[in-house]
Protein chains: 2
Amino acid sequence: MAIISPSRRLRRTPFSDGVEAAGVKAYTVYNRMLLPTVFESVEADYRHLKDHVQIWDVAVERQVELRGPDAGRLMQMLTPRDLRRMLPGQCYYVPIVDETGGMLNDPVAVKLSEDRWWISIADSDLLLWVKGIANGYRLDVLVDEPDVSPLAIQGPKSDDLLARVFGDRVRDIRFFKFDMFEFEGQDLAIARSGYSKQGGFEIYVENSEIGMPLWNALFAAGEDLNVRAGCPNGIERIEGGLLSYGNDMTDDNTPHECGLGRFCDTQTAIGCIGRDALLRVAKEGPVQQVRAISIGGDPVPGCDRPWPLYAGGKKRGQVTSAAWSPDFKTNVSIGMVRMTHWDEGTELEVETPEGMRPAVVHETFWI
Amino acid sequence: MAIISPSRRLRRTPFSDGVEAAGVKAYTVYNRMLLPTVFESVEADYRHLKDHVQIWDVAVERQVELRGPDAGRLMQMLTPRDLRRMLPGQCYYVPIVDETGGMLNDPVAVKLSEDRWWISIADSDLLLWVKGIANGYRLDVLVDEPDVSPLAIQGPKSDDLLARVFGDRVRDIRFFKFDMFEFEGQDLAIARSGYSKQGGFEIYVENSEIGMPLWNALFAAGEDLNVRAGCPNGIERIEGGLLSYGNDMTDDNTPHECGLGRFCDTQTAIGCIGRDALLRVAKEGPVQQVRAISIGGDPVPGCDRPWPLYAGGKKRGQVTSAAWSPDFKTNVSIGMVRMTHWDEGTELEVETPEGMRPAVVHETFWI
């Protein structure tokens, strides 16, 4: 268990003081910023997330802001999802692809107005791709990273907690929609979204100065709800099939391989840079795809590198995220499997650091 | 002291098995990859680096490869350094700037041939900027991350160690030049370069498969030279004024602010995307600049966020890297200081987590 060396380069967030006071035990680094991974223990954090409500410092979901007359055009150049019907106030999960159709990121696009968008990114410097494209195509658009740091409220008691701070109107926010609220004089977008299947919200905290006041207000309001500091949970997100860019997919993969074909409208997404490259795979389908995979035996260790999947002595895919699920009493995992072996119930073997284990392919995730 | 959570997203390197066997105690994350930061202790590693020879896993210096007829043109678009006289076999330290003149990276460019370059990057996904520019300007060039992982040999006994494995011809490599050598049938570029002031080489290890065989061959050859696993040292690199992108500079800074004006030929670097934005600052100079700053008192803690610098009660700059220097018996640091206070000997105060300390500006670094 190596420690993490502090440096300015691994950026702190507006909520880091709160995270430390809450006793964070482990971090990862995500978009060159600190992301908590453990408070009490991964298992205890998991139980609490499913039963109560947690506040997550997900400032690492940095925003790429597009502003100007070409903002909408640029946004469509980035993704094979058709954005023509998207309205201000909506959030879309959008695969972002390069000219070969390879995934560069899988962010949530937030349409603030016709000429102003945020892209709430996964772990890659998408800002640099977007700036390069805007410059190369000479688009009339400003591309920048604004002072916006998402704070997530996740868990079954999320509505109750948030209503205490922002009023009952938060209960009316529909899934993947956002509305505007005020905190200490600052307008804030609050969306019903988040990187768990337990329900909740993401507050786009504009202006770092209000980070800790908001953090503290939420904890003060939720004492009797058993509110705690939390973080994206390595077990729950696998049970829910929430992919992690860099873990479960890279720029080698098309959206279709990642099971994100339903977010691609390759025929109609005119202007998308990767459209030509994706037309064929959109029609014919991928030759490998992400699957839920259960792994037999005792709890597996953390998956810090791809674990090969075998059948008949040949490699048929790989597992890229894995954890023991207390609720489902099995090891749950996410992997990429060849089409010859991706059907429900297919039996494979997976090479873990602790030896070969039996594995079974599933067509749906656990939650 | 939080631990680092393992995941595939924090990529291992071809040398990670060796690093772990050598007892790595701490990591940072750099280009979404593990970079060791401590073996015995930062101080003991420092002493050993200055007296002996170390092998560093610097695979995190990922390469951006440019290949094709427009490779040279693209390379010049990226930097205000004039590349017209650069020959194959040379390495140039090149500031990379965006259209506003802001630093996107400070890599070493390696010219393999007229139509093939590697950019050996600091900590940002420069690949995405370069791909975006190549796509937007419709250049005839392939841009990719090849399977190349630098391994550095640093310290006063570097020549002796490397000659034992690759022959005495390594002694003839001049500073920031490279030549080709062979290991187990694989051609490898070896440059006289590295992120220390103790002398040494960087081997551009092409083909991950030979990573551990090469690592082991170097250790076997150097037993009586007291060779050890090491890593960029947080004390020595500050003494030597080696800047760290993300710590001592960001995309807010121009090359001139970073003291890199000598690597800019803004008048003649025709085609550089940031040239227009930099012409004025190149002529008039920056209003703040990087400086060596000594800090009085006991050893300071690690600098995990900018420490403000004050004079007369007003903020005049900030410190971004700091460490106690055993050799110079003072705290050494790197900061950015306003021009009104950047002259040699200027006395300032720095706000550290342990309170205000006296600080003195220096025009040259310690080594």
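Residues numbered from 1 in each chain as written. Chains lettered and ligands numbered in written order. Predicted model: local features only at pLDDT ≥ 70, side-chain atom pairs only at ≥ 80, totals over all residues. Heavy atoms only, no water.

### A word on the overall build of chain A
When helices and strands are counted, chain A shows eight helices and 22 strands. At 21 Å, chain A has a C-alpha radius of gyration in line with the 21 Å of a compact globule built from 367 residues. Viewed in the frame of its principal axes, chain A has a C-alpha envelope of about 65 × 50 × 40 Å. Counting over 367 residues, chain A shows a buried share of 64%. Taking the intrachain contacts of chain A between residues at least 6 apart in sequence as the baseline, contacts between residues at least 24 apart amount to 65%. If you sum the accessible surface of chain A, you get close to 14,100 Å²; carbon and sulfur atoms cover 48% of it. Where the 40 positive side-chain charges of chain A centre and where its 54 negative ones centre are 4 Å apart. (Helix = DSSP H or I, 4+ residues; strand = E, 2+ residues; numbered from the N terminus. Rg over C-alpha atoms; globule rule 2.2 N^0.38 Å. Buried < 20%, exposed > 50% of the residue type's maximum accessible area, 1.4 Å probe, protein only. Contact = heavy atoms within 4.5 Å. Areas by Shrake-Rupley, 256 points an atom, 1.4 Å probe, with all protein chains shown as cover. Lys, Arg positive; Asp, Glu negative; His and termini not counted. Charge placed at Lys NZ, Arg CZ, Asp CG, Glu CD.)

### Quick word on the interface of chain A and chain B
Between chain A and chain B, the residue contacts involve 52 residues of the former and 51 residues of the latter. Both faces considered, chain A and chain B share a buried interface measuring about 4,600 Å² in area, 52% of it formed by carbon and sulfur atoms. Its largest share of buried area at the contact with chain B, chain A owes to Ile3(A), Arg8(A) and Arg9(A), together 19% of the area lost on that side. Between chain A and chain B we count 12 salt bridges in total. (Buried area = accessible area lost by both parts, 1.4 Å probe. Salt bridge = Lys/Arg side-chain N within 4 Å of Asp/Glu carboxyl O.)

### Observations regarding the pattern of salt bridges
Tallied over the full model, the rule gives 58 salt bridges over all chains. A salt bridge links Arg11(A) to Glu145(A), with the shortest nitrogen-to-oxygen separation between them at 3.1 Å. With Arg11(A) in the loop between strand 1 (3-4) and helix 1 (16-21) and Glu145(A) in the loop between strand 11 (142-144) and strand 12 (148-154), this pair connects stretches of sequence that are 134 residues apart. Taking the relative accessible area as the measure of exposure, Glu145(A) reaches 28% and is therefore partly exposed. Between Arg32(A) and Asp123(B) there is a salt bridge, with the nearest N and O atoms lying 2.1 Å from each other. Note that Arg32(A) is positioned in the loop between strand 2 (26-30) and strand 3 (33-38) and Asp123(B) in the loop between strand 10 (116-120) and helix 4 (126-136), a pairing that runs across two chains. Across this residue pair, the class does not change: Arg32(A) and Asp123(B) are buried.

### Describing the nonpolar core
Residues Phe166(A), Ile203(A), Phe166(B) and Ile203(B) are the most contacted members of the largest nonpolar core, which totals 162 residues. Setting aside its immediate chain neighbours within four residues, Phe166(A) contacts Phe181(A), Glu182(A), Phe183(A), Leu188(A), Ile190(A), Ile203(A) and Leu214(A). Ranked by size, the runner-up nonpolar core spans 56 residues in total, among them Met75(A), Leu126(A), Val143(A) and Leu127(B). (Core = buried A, V, L, I, M, F, W, Y, C linked by side-chain atoms within 4.5 Å.)

### A look at the relation of the copies chain A and chain B
The two copies are related by a screw motion: chain A maps onto chain B through a turn of 180° and a shift of 0.0 Å along the axis, at an RMSD of 0.0 Å. On this basis, the relationship between the two copies can be described by a two-fold rotation axis. The share of interface residues of chain A whose copies in chain B are also at the interface is 98%, consistent with both copies meeting through the same surface. (Least-squares fit on C-alpha atoms with pLDDT ≥ 70 in both.)

### Some details on unusual backbone geometry
Residue and element names in this part refer to chain B. Unlike most non-glycine residues, Asn 31 shows phi in positive territory, near 50°. For Asn 31, the position within the fold is in the loop between strand 2 (26-30) and strand 3 (33-38). Asn 31 sits in the buried class, given a relative accessible area of 2%. Located in the positive-phi region is Glu 184, a residue other than glycine, with phi close to 50°. Note on placement: Glu 184 falls in the loop between strand 13 (178-183) and strand 14 (186-191).

### Some points on the sheet that holds strand 11 (residues 142-144) of chain B
All names here are of chain B. A sheet is described by the order of its strands in space; here five strands give the open sequence 6-9-10-5-11, paired in antiparallel fashion. Edge positions in the sheet fall to strand 6 (91-93) and strand 11, since each of these pairs with one other strand and no more. The mean inter-strand angle of the sheet, taken between neighbouring strand axes irrespective of direction, is 20°. Sitting on the sheet, helix 3 (residues 71-78) is in contact with strand 5 (63-67), strand 9 (108-113), strand 10 and strand 11, with an inclination near 30° to strand 10. Packed on one face of the sheet, helix 4 meets strand 5, strand 10 and strand 11 and runs near 165° to strand 11. (Pairing = 2+ DSSP bridges. Axes fitted to C-alpha atoms, helices over the stretch in contact; angles between N-to-C directions.)

### As for the pairing of strand 5 of chain B
Residues and elements named next belong to chain B. Judged by how many residues are buried, strand 5 sits mostly within the fold: four of five residues are covered. Two elements, strand 5 and strand 10, share five bridges in a ladder whose sense is antiparallel. Bridge pairing in strand 10 links Arg 67 to Arg 116. Pairing analysis gives three bridges linking strand 5 to strand 11, with the strands arranged antiparallel. Bridged to Glu 65 within strand 11 is Asp 144.

### Side note on the UniProt feature "domain: GCVT N-terminal" (unreviewed entry) in chain A
According to UniProt, the positions carrying the feature "domain: GCVT N-terminal" (unreviewed entry) are residues 20-267 of chain A. Split by type, residues 20-267 of chain A is 22% helix and 29% strand. Its first and last C-alpha atoms lie 48 Å apart. (UniProt positions renumbered as here; feature names shortened; annotations may be inferred.)

### Details of empty space enclosed by the protein
All told, the structure shown has one cavity of 30 Å³ or more when counted by the stated rule. If you add up the space inside the largest cavity, you get close to 60 Å³. Considering the residues around the largest cavity, the lining is formed by 13 residues, among which Val29(A), Arg32(A), Val29(B), Asn31(B) and Arg32(B) are closest to the centre. When its residues are assigned to classes, the lining of the largest cavity shows five nonpolar, two polar and six charged. (1 Å grid on protein atoms, 1.4 Å probe; cavity = no way out; pocket = protein on both sides within 12 Å on 5 of 7 lines; lining within 4 Å. Points joined across faces, edges and corners; volume = space filled by probe spheres on them. Nonpolar A, V, L, I, M, F, W, Y, C, P; charged D, E, K, R; others polar.)

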